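Chain by chain, the residues:
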Amino acid sequence: MAVNSQTLIYFMLVSVAGCGISAWAISLPPELSDKLHSDADAIKAASTDYGHIISVNPAAVLFPSSVDDIKTLISFSFRSNYTPYTVAAKGNAHSVWGQAMAASGVVVDMLSLNKNANGSRIVICGDEGSGFYADVGGEQLWIDLLNATLKHGLSPVSWTDYLYTTVGGTLSNAGISGQTHRRGPEISNVEELDVVTGKGELLTCSPQQNPDLFYGVLGGLGQFGVIARARIVLEPAQKRVRWLRILYNDFAAFTKEQENLIALTGKNAPNYLEGQLLMDPNTNLDFFPPADRPKIISLIKQYGIIYLIEVAKYYDGSNNTVDEELKVVLKNAVSFIPGCIFMADVTYLDFLNRVYPDELALRKQGLWDVPHPWLNLFVPKSRIIDFNNGVFKDILLKNNFTTSLVLFNPMFRDKWDLRMSAVIPDEDVFYAAGFLDSSRFDNWEVYDKKNREILQFCASNGIKVKQYLGHHGSKQEWIDHFGSKWNTFQQRKFQFDPKLLLSPGQKIFN
Ligand code: FAD
């Protein structure tokens, strides 16, 4: 149901503590009346996310058919002398703490830009001499970008583990996966952006043009503008992937060998490296040959935690030096549990899209749309032994939090551009630690309490972690999070979104 174009005024009732009911109104641009919806279905879809923890209703949802619609929406609010409304771009709503929501504001359903676009919002350009790139709408899913580029024998270079998120949504955070150690996060592989700022202006930005906006928006949590287009670096795509999983029972060996592996350069370097903890004997062991699964289960039971290095090497699928290259790689992985090295060979597409079959299986069991009280941290390398002892062994294992999917792998600080808004620890090497729990609707707080205990443990022991995809309870916590970047972040906010309209669900300025 579209907003009534006669009135275009929302009267919203709010309960003011101790004062009963009061009312205020927002007015919305009349020219968008047929694209602004406030029916129950639209409001419900915009008030939920993958986390299923937070739910706040917007006043309306915009289903834009062009970037101009987004400009009109934001500039109307910016120019309003009466009551400006907040605006949240919603990509695929795969945030877990309401980051793409706008209480009593307007949510922009970015995916709507793609409808009727007939593929025109992914344009592949360039040549071998100057390099290839794709000009991509901010609303595009990475899986669609991958499928489009593969048709040209090309591919983006840096990824997230899961591809059903939007380009705008991940670039607002960083976009990390097993390629980050080598290629940097997704934000390090962007050449140019078109952004609708909080003043409703559409600006092109790059390191040369409007650099403050460019660096602000990348990792900027949606605070400075809506990404309408991103120019993403491409390279020739490989066809197949040799994919290894190697098991350890010793944390020091596991991390030392991860660090040795990411330090490799040239053709012998792995294209991808991640780490994982196996703590649950009932964990999904589909990757491993059926005959080896009982052995892995008994190792988990024996040691409590088995650490797993996941390494991948891309190759062209035909004449192969890949096995020779893998031999060199594996000279750096020698301390694993004897016999516990396993290999699969899959297509490049299946490798990058490897989480999707899990999504389908979980959906089938009704276990996808459940609460996800996640915690993602960057941990400085100098403290990982303390982190293992205090967090993995004490908080998780002793308290039986063994069903979480826990990821743990290193990356290099110098692959990140420090001018961008994303925040990382102050050490040359740091680890990404992901605690990716799924829970029932009636017990997510148990996992949240565990996550707060982890943060508390780090704070009390001086482990200077930074949250990734995080949420903070107060402005002071955000200031602490940004540290030396806070002043620049705040200045950019006042420059590009002076009325504090954008991405209120991050709860930084609102
Ligand atoms: P949304 O949740 O819709 O939005 C996120 C934030 O970005 C909001 O503040 C929103 O207002 C803002 N935003 C959205 N679109 C735009 C835009 N066009 N312009 C400006 N701001 C915008 N992350 C990783 O880095 N690596 C991973 O491996 C990884 N794996 C994941 C696996 C799963 C199953 C899930 C659910 C998430 C994973 N994530 C991972 C996290 C994910 O990258 C982020 O949550 C990302 O923000 C999701 O994109 P989205 O399109 O759903 O964004």
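Above this text is the structure in question.
Below is a summary of the structure that appears in this document. (Residues numbered from 1 in each chain as written. Predicted model: local features only at pLDDT ≥ 70, side-chain atom pairs only at ≥ 80, totals over all residues. Heavy atoms only, no water.)

To continue, consider the side chain of Gln99. Topologically, Gln99 is positioned in the loop between strand E5 (87–90) and strand E6 (106–109). Look at Gln99 and you get buried, because its relative accessible area is 7%. A polar contact is formed between the side chain of Gln99 and the backbone nitrogen of Trp97, at a distance of 2.8 Å. A distance of 3.4 Å separates the side chain of Gln99 from the backbone oxygen of Leu469, its partner in a polar contact. Excluding residues that lie within four positions of it along the chain, Gln99 makes contacts with Asp49, Leu469, Gly470, Gly505 and Gln506. (Helix = DSSP H or I, 4+ residues; strand = E, 2+ residues; numbered from the N terminus. Buried < 20%, exposed > 50% of the residue type's maximum accessible area, 1.4 Å probe, protein only. Polar contact = N/O pair within 3.5 Å; in protein donor to acceptor, adjacent residues only side chain to side chain. Contact = heavy atoms within 4.5 Å.)

Moving on: unusual backbone geometry. Residue Ser104 is not a glycine yet carries a positive backbone phi of 60°. Along the chain, Ser104 falls in the loop between E5 and E6. Classification of Ser104 by relative accessible area gives partly exposed; the value is 26%.

If a strand is regular, its side chains alternate between the two faces of the sheet. Along strand E8 (residues 131–137), 6 of the 7 residues are buried, which leaves the element largely enclosed by surrounding structure. Judged from the 6 bridges that link them, strand E7 (residues 122–127) and E8 form a sheet pairing that is antiparallel. Of the residues in E8, the one forming a bridge with Val123 is Asp135. Between the antiparallel neighbours E7 and E8 lie 3 residues. In this sheet, strand E12 (residues 225–236) lies alongside E8 in antiparallel orientation, the contact comprising 6 bridges. From the neighbouring strand, Gly137 faces E12, where its bridge partner is Arg229. (Pairing = 2+ DSSP bridges.)

The subject of this paragraph is the packing of aromatic side chains. Under the defined criterion, the tally for this structure stands at 39 aromatic pairs. Ring plane angle 75° and centroid distance 5.5 Å describe the contact between Phe287 and Phe288, whose orientation is recorded as edge-to-face. Centre to centre, the rings of Tyr314 and Tyr348 are 5.1 Å apart; their planes meet at 85°, and the pair counts as edge-to-face. Remark: Tyr348 occurs in helix H10 (residues 348–352) and Tyr314 occurs in strand E15 (residues 306–315); sequence separation between them is 34 residues. A single burial state applies to Tyr314 and to Tyr348, both of which are buried. (Phe/Tyr/Trp six-rings, centres within 6.5 Å; stacked < 30°, edge-to-face > 60°.)

Here the focus is the site of the ligand. Near the ligand, the surroundings consist of 34 residues, among which Ala89, Gly91, Ser95, Thr166 and Tyr468 are the closest. Take Thr166: an N or O atom from its side chain is 2.6 Å from an oxygen atom of the ligand. One nitrogen or oxygen atom from the side chain of Asn173 is found 2.9 Å from an oxygen atom belonging to the ligand. Protein burial of the ligand: of its 960 Å² of free accessible surface, 95% is covered by the chains. Counting only elements with at least two residues in the shell around the ligand, the list comes to E5, helix H4 (167–171) and E12. Residue composition of the shell around the ligand, grouped by class: 14 nonpolar, 18 polar and 2 charged. (Near = heavy atom within 4 Å. Areas by Shrake-Rupley, 256 points an atom, 1.4 Å probe, with all protein chains shown as cover. Nonpolar A, V, L, I, M, F, W, Y, C, P; charged D, E, K, R; others polar.)

Side chains of nonpolar character tend, in soluble globular proteins, to be buried together. In this structure, Leu171, Leu193, Ile232, Leu247, Phe351, Phe378 and Trp416 are the most contacted members of the largest nonpolar core, which totals 81 residues. No other element matches helix H3 (residues 142–150), which puts 5 residues into this core. Look past the residues within four positions of Leu247 in its chain and what remains in contact with it is Leu278, Phe288, Ile296, Ile306, Tyr307, Leu308, Phe336, Ile337, Cys340 and Phe342. (Core = buried A, V, L, I, M, F, W, Y, C linked by side-chain atoms within 4.5 Å.)

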